Amino acid sequence: MKLAGKVALITGAGSGIGRAIAQLFAEEGARIVANDVNAIAAKETVESLGARGAGARAIQADVADSGQVKAMFAEVDRDLGVLDVLVNNAGIAVTAPGDRDRLREKSDTRIMEMLSEQGVTTHWDITQEMTDEAWLRMIGVHLNGTFFCTREALRLMSRRNQGVIVNMSSVAGLMGLENVSHYSAAKAGILGFTRAVAREVGSRNIRVNAICPGFIDTP
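Structural notes, computed from the coordinates.

What counts and how
Numbering of residues starts from 1 in every chain and runs along the sequence as written. Local features are withheld for residues below a pLDDT of 70 in this predicted model, meaning they are given only at 70 or higher, and side-chain atom pairs are given and counted only at 80 or more; totals for whole chains, interfaces and linings count all residues. Calculation of side-chain values draws on the structure's entire complement of heavy atoms; hydrogens and water are dropped beforehand. Only C-alpha atoms enter the line fits that serve as axes; for helices the fit covers just the stretch in contact. Angles between N-to-C directions range over 0 to 180 degrees. Strands are runs of DSSP state E lasting at least two residues, helices are runs of H or I lasting at least four, and both sets are numbered from the N terminus onward. Orientation categories follow fixed angle ranges, with anything under 35 degrees roughly parallel, anything over 145 roughly antiparallel, 65 to 115 roughly perpendicular, and all other angles oblique. Rotating anticlockwise by less than a right angle from the far helix to the near helix defines a left-handed crossing, while the corresponding clockwise rotation defines a right-handed one. Whether two residues are in contact is decided by their heavy atoms, any of which lying within 4.5 Å being enough. Polarity classes work like this: nonpolar for Ala, Val, Leu, Ile, Met, Phe, Trp, Tyr, Cys and Pro, charged for Asp, Glu, Lys and Arg, and polar for all others, with Gly in that last group. Between any two strands, at least two bridges found by DSSP are needed for them to pair. Burial here depends on accessible area, computed with a 1.4 Å probe over protein chains only, as a share of the maximum for the residue type. Under 20% is buried, over 50% is exposed, and the range in between is partly exposed. Within this analysis, the arc is defined by the directions that extend from the helix axis to the C-beta atoms. Side-chain atoms alone can form a polar contact between residues adjacent in sequence; in general such a contact is a pair of N or O atoms within 3.5 Å, and within protein one must be able to donate a hydrogen while the other accepts it.

Bringing the packing of helix α1 (residues 16–27) against helix α2 (residues 39–48) into the picture now. Their axes nearest at 10 Å, the elements α1 and α2 cross at an angle of 30 degrees. One element, α1, and the other, α2, form an angle in the roughly parallel class. The two elements α1 and α2 meet at a crossing, and its hand is right-handed. Residue-level inspection shows Arg19, Ala22 and Gln23 of α1 in contact with α2, the latter providing Ala41, Glu44, Thr45 and Ser48. Considering only residue class, the contact of α1 with α2 consists of two nonpolar, three polar and two charged.

This is the structure in structure tokens:
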């Protein structure tokens, strides 16, 4: 029960890593605020907590929209009056229908070409074909979303000079992945942002850290 009595807001809590974090935090005694862009998914996460989720709530908001983020934190402030933990987990892997299948097909083709020892003739060409919309949406959800939520969380945490923020980065932010330059850029940006804000708010006894997972099997 390391988080007994603590209020924890997890973004992107509707499935995958976010839901797992919400479930573990609830086991440790935290009162959960489960955010997701999908309202039904967020509610399902709260329901999955069972008896451990007493007092938990689901809030729908797109973290890439600063207005929606501001409204979400205003609701937390109004109804709970405090925020102890923020996990900036919300994220996307692809930005358009069919992207995942196209990437998988091109990857399979490249592997076969490498095995043939005739040289690779199927090129990624991801960046040169990327649209403004795809780039901006990826940066918007991951990097802007992390900033918007952190800004609002700090306004609550600074009242008591205590709190914890955990940002979800990725191995893509450390090394760069060849088929997701926009995702890699966003995750690398989160690392720089994390380091800067950790230095900034250390005097307030607020800790800011990042986690860099590898590939995780989620929906």
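The next subject is the sheet that holds strand β4 (residues 85–88). The strands that make up a sheet pair up through hydrogen bonds in the backbone, lying either parallel or antiparallel. Read from one edge of the open sheet, six strands run β3-β2-β1-β4-β5-β6, paired in parallel fashion. On the outer flanks of this sheet lie β3 (57–60) and β6 (206–211), each paired with one strand and no other. The average undirected angle you get between the axes of adjacent strands in this sheet is 15 degrees. With four bridges connecting them, strand β1 (residues 7–10) and strand β2 (residues 31–36) associate as parallel partners. Across the sheet, the residue bridging to Leu9 is Val33, located in β2. Contacts from helix α6 (residues 132–157) reach β4, β5 (163–168) and β6, with the element oriented near 175 degrees to β4. Where helix α8 (residues 181–201) meets the sheet, its contacts fall on β5 and β6, and the angle it forms with β6 comes to roughly 160 degrees.

Next up on the list: α2. Taken together, the buried positions of α2 are occupied by Ala41, Ala42, Thr45 and Val46. Along α2, the residues classed as buried sweep out an arc of 145 degrees about the axis, all on the same side. When the buried face of α2 is taken as reference, the exposed residues oriented beyond 90 degrees from it are Ile40, Lys43 and Glu47. Where α2 is buried, its residues contact α1, β2 and β3. Where α2 starts, the residue carrying a side-chain oxygen 3.0 Å from the main-chain nitrogen of Ile40 turns out to be Asn38.

These figures capture arrangement, not role.
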